[in-house]
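Coordinate inspection notes
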Amino acid sequence: MYIFKRDKKLYLDIFYKKKCGLNSIIIAFGIALILLGVYYVKINPLPLIHGIDINENYSNGDLLWSEPLLERDVPIFMIIVICFAFYEDYIGNAYEILTFYNKEKFNVLIFSRWLVYTVMILFIALANVFIQYIYSIGSILDVLVLMMRFIPPILFISSLCLFIIVIFKNFIPAFVVSIIYVVLDQFSGGRLFKVFTLMGNSFFLENKSLFYINRLSLIIISVIFVYFACRTSTKI
Amino acid sequence: MKNQLKVENISFNYLNKKILSDINFEYEDRGVIGLLGPNGSGKTTLMRILVGLKTPKTGQVLLNNKSILNNREELVNMVGYLPQNFEIYNYISGLDFLSYVCDIKGLNNEEKKEKIDYLVEKFNLSSVIKKRFGSYSGGYKRRLGIAQAMIGNPQFIIIDEPTVGLDPEQRFEFRQYLAGIGKESIILISTHIVEDISFYCDKIIILNQGKITFDGYRDDLIEIVDGKIYEGIINIEEYDKVKENFRIIEQSGSERGKVKLRVICEDNNISDGFTKVKPSLENAYVYFQAR
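Residues numbered from 1 in each chain as written. Chains lettered and ligands numbered in written order. Predicted model: local features only at pLDDT ≥ 70, side-chain atom pairs only at ≥ 80, totals over all residues. Heavy atoms only, no water.

Take the overall build of chain B next. Within chain B, the secondary structure is distributed over ten helices and 14 strands. Here the C-alpha coordinates of chain B stretch approximately 70 × 45 × 40 Å along the principal axes. Buried positions account for 55% of the 291 residues belonging to chain B. Within chain B, contacts between residues at least 6 apart in sequence are counted, and of these 68% link residues at least 24 apart. Here chain B carries 39 positive and 40 negative side-chain charges, and the mean point of each set is 4 Å from the other. (Helix = DSSP H or I, 4+ residues; strand = E, 2+ residues; numbered from the N terminus. Buried < 20%, exposed > 50% of the residue type's maximum accessible area, 1.4 Å probe, protein only. Contact = heavy atoms within 4.5 Å. Lys, Arg positive; Asp, Glu negative; His and termini not counted. Charge placed at Lys NZ, Arg CZ, Asp CG, Glu CD.)

In terms of regular secondary structure, chain A is built from eight helices and zero strands. Secondary structure elements of chain A occur, N-terminal to C-terminal, as α-α-α-α-α-α-α-α. By residue count, 52% of the 236 residues in chain A fall in the buried class. For chain A, long-range pairs separated by at least 24 residues make up 74% of all intrachain contacts whose partners lie at least 6 apart in sequence. Counting only carbon and sulfur atoms, one obtains 72% of the accessible surface of chain A, whose full area is about 10600 Å². (Areas by Shrake-Rupley, 256 points an atom, 1.4 Å probe, with all protein chains shown as cover.)

Here the focus is the side chain of Ser188 of chain A. Along the polypeptide, Ser188 of chain A turns up in the loop between α7 (171–187) and α8 (208–232). A polar contact of 3.4 Å, which involves the side chain of Ser188 of chain A, links it to the backbone oxygen of Asp185 of chain A. (Polar contact = N/O pair within 3.5 Å; in protein donor to acceptor, adjacent residues only side chain to side chain.)

Time to look at the nonpolar core. Judged by nonpolar contacts, the single largest core of 149 residues is most densely connected at Val79 and Phe97 of chain B. At 13 residues, helix α6 (residues 140–168) of chain A tops the list of elements feeding residues into this core. Structurally, this core is a two-domain feature, drawing no fewer than three residues from each of domain 1 (4–223) and domain 2 (226–290) of chain B. Dropping the residues within four chain positions of it, Phe97 of chain B is found in contact with Ile97, Leu98 and Tyr101 of chain A together with Phe86, Ile88, Ile92 and Gln148 of chain B. Listed in part, the twelve residues of the second largest apolar core include Val242, Phe246, Ile248 and Val259 of chain B. (Core = buried A, V, L, I, M, F, W, Y, C linked by side-chain atoms within 4.5 Å. Domains from an automatic or database assignment.)

Let us now look at the interface of chain B and chain A. If you look at the interface, chain B gives 44 residues, while chain A gives 31 residues. In total, about 3700 Å² of surface goes out of reach between chain B and chain A, with carbon and sulfur atoms giving 58% of it. When the buried surface of chain B facing chain A is broken down by residue, Tyr89, Tyr91 and Tyr100 of chain B rank first, second and third, together holding 21% of it. Put simply, chain B and chain A have two salt bridges between them. Counting the contacts that link chain B with chain A gives 16 residue pairs in polar contact (both at pLDDT 80 or more). Counting residues per element, the ones that place at least two in the side of chain B that touches chain A are α2 (72–78), β6 (79–82), α3 (94–104), α4 (109–122) and α5 (138–149) of chain B. The leading source of residues in the side of chain B that touches chain A is α3 of chain B, at eight residues. (Buried area = accessible area lost by both parts, 1.4 Å probe. Salt bridge = Lys/Arg side-chain N within 4 Å of Asp/Glu carboxyl O.)

Moving on, we get to the sheet that holds strand β14 (residues 274–276) of chain B. Residues and elements named next belong to chain B. Taken together, the four strands give an open sheet; going across it, the order is β12-β13-β11-β14, and neighbouring strands pair in antiparallel fashion. In this open sheet, the two edge strands, each paired with only one partner strand, are β12 (247–253) and β14. Ignoring strand direction, the axes of neighbouring strands in this sheet form an average angle of 25°. Sheet topology places β12 next to strand β13 (residues 258–264); six bridges connect them, and they run antiparallel. (Pairing = 2+ DSSP bridges. Axes fitted to C-alpha atoms, helices over the stretch in contact; angles between N-to-C directions.)

Attention now goes to the environment of Ser21 of chain B. Residue and element names in this part refer to chain B. Mapping Ser21 onto the fold places it in strand β2 (residues 17–28). The spacing of Ser21 and Ile189 is 168 residues in sequence and 19 Å in space, taken between C-alpha atoms. Not counting chain neighbours up to four residues away, the residues in contact with Ser21 comprise Ile10, Ser11, Gly210 and Lys211.

With that settled, the discussion passes to α8 of chain A. All names here are of chain A. The end-to-end C-alpha distance of α8 is 36 Å, a good match for the 36 Å that 25 residues give at a rise of 1.5 Å each. Within α8 the residues assigned to the buried category are Phe211, Asn214, Arg215, Ser217, Leu218, Ser222, Phe225, Val226, Ala229 and Cys230. Its buried side turned inward, α8 meets α3 (68–91), α5 (108–133) and α6. (Expected span 1.5 Å × (residues − 1).)

Given 3.6 residues per helical turn, the α-helix brings residues three or four places apart onto the same face. Of all eight residues making up helix α1 (residues 43–50) of chain B, seven are buried, and the element is well covered by its neighbours. One or two positions beyond α1 of chain B, positive phi appears at Gly52 of chain B, with a value near 75°.

What follows is about the sheet that holds strand β8 (residues 186–191) of chain B. All names here are of chain B. Strand order in the open sheet made by the six strands is β6-β7-β8-β3-β9-β10, with mixed pairing throughout. Every other strand in the sheet has two partners, leaving β6 and β10 (211–217) as the edge strands with one partner each. Going from strand to strand, the sheet's axes swing by 15° on average, the running direction of each strand aside. Pairing of β6 with strand β7 (residues 156–160) involves four bridges; the strand directions are parallel. Looking at the pairing, Leu82 lines up with Ile159 of β7. Helix-sheet contacts for helix α10 (residues 281–290) involve β3 (31–36), β9 (203–208) and β10, and the interaxial angle to β9 is about 30°.

Another point: the packing of α6 of chain A against α7 of chain A. All names here are of chain A. With their axes 7 Å apart at the nearest point, α6 and α7 run at an angle of 150° to one another. With respect to α7, the axis of α6 lies roughly antiparallel. In terms of crossing hand, the pair formed by α6 and α7 is right-handed. Residues Phe156, Ile157, Leu160, Cys161, Ile164, Ile165 and Phe168 of α6 pack against Phe171, Pro173, Ala174, Val177, Ser178, Tyr181 and Val182 of α7. Broken down by class, the residue content of the contact of α6 with α7 amounts to 13 nonpolar, one polar and no charged. (Parallel < 35°, antiparallel > 145°, perpendicular 65-115°, else oblique. Left-handed = near helix turned anticlockwise from the far one by under 90°. Nonpolar A, V, L, I, M, F, W, Y, C, P; charged D, E, K, R; others polar.)

Written out as C-alpha cells, the structure reads:
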C-alpha cells in the first residue's frame, strides 16, 4: 500500500526537511548577509591596506574595530534559529518519545540538528567575513585569525542557547538569557564578561595572547555546553 | 516462548524526597499488568525508569534475564513505550513517524512496509496516516501512539495513562486494542482509572506514596476486601452519622430523600439496613487507598 521513497535513517530528514519556513528565513538571511559583505567591500570598504598581514598586524589590520554585524546581529539571528529549531520539542511533549528512541549515551538527534543549523549560520557568516576581508588575506594564518575572530562568538551563543533550552525544557529562558548576554556584552564593550566576551576588539583583548585565550575559552565552553546538553538530554 | 519481567529494588529520589522506594515485582508469560495508584503516587516516574528515561537511585529491571537499563540499544529494541502525553511534531505525518521508528528499530524496507501496513489496518489509521499529526483527534493520536509502541514486536510494552483525554467511545475502542495486544507481549499499564484495569488486566499492582501496597491478581485483591463491604439505603438525614462512623466508598442516588451507600466496616458492627455485598474491583482499590 505505502511505498517508501526513503531507505535511509530519518534522523535529520523528518526534522528539517519540512521546516521550510525556517530554512527559507536562513537562506534569505544568508543572501542578505553576503550582499551586505559585497556592499561593504565595494561601496564602503574597510580601511585595510591591500596585502596587510592580518596575523602579524592584528591591530594595524583594524580587526580591533567593532563588528556589530558579526558579533551582535549574527549571534542574535543564531539565537532565533536555535530557539525556532527546538521550541516544538518542548512546547508539547515530543521530547519524551524522541528521547526514548535515542539509542546512544549521547542525544544524537539534538546534536545533529544543532550542528546543522549552527554550521549553516557559520558558513553564511564566514562568507560575509571573507568577502569583506578578501583584499587583506595574505596567508593561511590570516584566514585562521579571521576565523578565530568570528566563529567562536557564534558557536558560543548557539551552544549556550541549546544548553539552556535542554536544561529548562523551554525555549523562552534560553532566548532571554542569550539575548541579554549579547546585548550586555555589546553595551559593556566586553568589560562585563571579560574572558568570555563575544567581542574580539574589547579593551581586555588588546593583546594577541589574551585574544587567543578569549577565543579558545569560548570554543572550550561551547564544546562543554553542547556535550552536557546532549548528555543530559538522554534522560528527562 | 514465555517472557519474563523482573523489577528489583527500584528506588528514586528527587531533591532528597523519596518518590519511589523499594519497588519489586515480577511477571511471566504474556498479559496485561495494571499499575494502579492515585495522582502523584509515582506511577509515571516508575514508567520512565522502566524505559530508561530516568535513572533510579537503586535497582534494576530484567527482561528475559537481561538487564535493560544499562543497555539502551537492547532497551529500545525490546521495549515499546507510549507516554502519558504522546506528542510528536505537528508537521510530521503519522506515516513519517512510524517509518522513523521502524528505522530506529532496525527494520529493513520490506519489513517496514509490511509492519506499517499491518499497524495501519489494525488500528484503523488509513484515513489519517498521511496527514499531519497536528490535525489528529485525541483518539487518533492514541492509536498512532500504540501503533508506534508495537513496532519491532517488543516483548514488553509500557503504556502510561492510556485512556486519559479520550471520550467514552474512544476509551472502549482503545481498551479493546489493548486487550488484543496483551496476547502478544507483556504490557504494563499505569492508570488511576479502575475501569481501565477491570477491563483487561490479569495482574494488579497498587502504588501508593511511592510504595507497592498490593501486588497480585484481581481476584486476590477482591478476596482481601470480601466481607468488609456493606451496602444500604439510608434517609438523607442519616448521612452525616454514617459518614462519621464508616468510610463511604460508593454513593449513588436512590428514591427521593434516600441515598444508596457502600461503606467499609471491618468489625461487623454495622447499622441496621446495611447488608454485606460482594465488592467490586473499584471498592477493593478504594479500600486499599483508605488503609
